[in-house]
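Observations on chain architecture
Chain residues, written in single-letter form:
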Amino acid sequence: MWKSMGAVALALAGWVMVSPAHAGDIECKMNFRLSGWSVFYQTATGSGTVHCSNGQSMAVHIRVKGGGITFGKSQIDNGVGKFSGVTSLSEIKGHYADAGVHAGASKSAGARVMTKGNVSLALSGTGKGWDLGVAFGAFIIE
């Protein structure tokens, strides 16, 4: 009995080592610039480029829109976005849910994570400006 269980365990271990964890998932990264303002209504626009591990890339236009109790003006020059849960470059485009509390002055750095279905986007970057508030809205990649 122990021999047969050992053989089954060995066979399963070999199968697990051969099969990929998430067949079809690709790694995608976006470099971007973004600038905008907010006075109760928040808006920003920018552009970037997405590069994926399968060799595909595309230029994108970015829009941020939303509202809340927010005031300020900001600019991100060296933004980086890392996508997860992507199986095709076409899944990158769309509306990502966004919410945040923010406060900053002069030069600052920040990070946030947002989702669109199974796709997650982690943003980080450095920039300049000033802002204060609570905002809810959308991060849109076109």
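One structure accompanies this document, and this report is about it. (Residues numbered from 1 in each chain as written. Predicted model: local features only at pLDDT ≥ 70, side-chain atom pairs only at ≥ 80, totals over all residues. Heavy atoms only, no water.)

Once that is clear, we can look at the pattern of salt bridges. Scanning the model with the defined rule gives two salt bridges in all. Residue D77 pairs with R33 through a salt bridge whose shortest N-O separation is 3.3 Å. With D77 in strand 2 (residues 57–86) and R33 in strand 1 (residues 26–52), this residue pair connects regions lying 44 residues apart in the sequence. Here D77 falls in the partly exposed class, since its relative accessible area comes to 25%. (Salt bridge = Lys/Arg side-chain N within 4 Å of Asp/Glu carboxyl O. Helix = DSSP H or I, 4+ residues; strand = E, 2+ residues; numbered from the N terminus. Buried < 20%, exposed > 50% of the residue type's maximum accessible area, 1.4 Å probe, protein only.)

With that out of the way, let us pick up the packing of aromatic side chains. Enumeration according to the criterion identifies two aromatic pairs in this entry. When the centroid spacing of 6.4 Å and the interplanar angle of 75 degrees are considered together, the rings of F32 and F139 count as edge-to-face. Highlighted residues: F32 in strand 1 and F139 in strand 4 (residues 119–141), separated in sequence by 107 residues. For the residue pair F32 and F139, the accessibility class agrees, reading buried in each case. Geometrically, the ring pair formed by F83 and Y96 is tilted, given 6.3 Å between the ring centres and 55 degrees between the ring planes. Taken as a pair, F83 in strand 2 and Y96 in strand 3 (residues 94–116) lie far apart in primary sequence, 13 residues in all. For the pair formed by F83 and Y96, the shared burial category is buried. (Phe/Tyr/Trp six-rings, centres within 6.5 Å; stacked < 30°, edge-to-face > 60°.)

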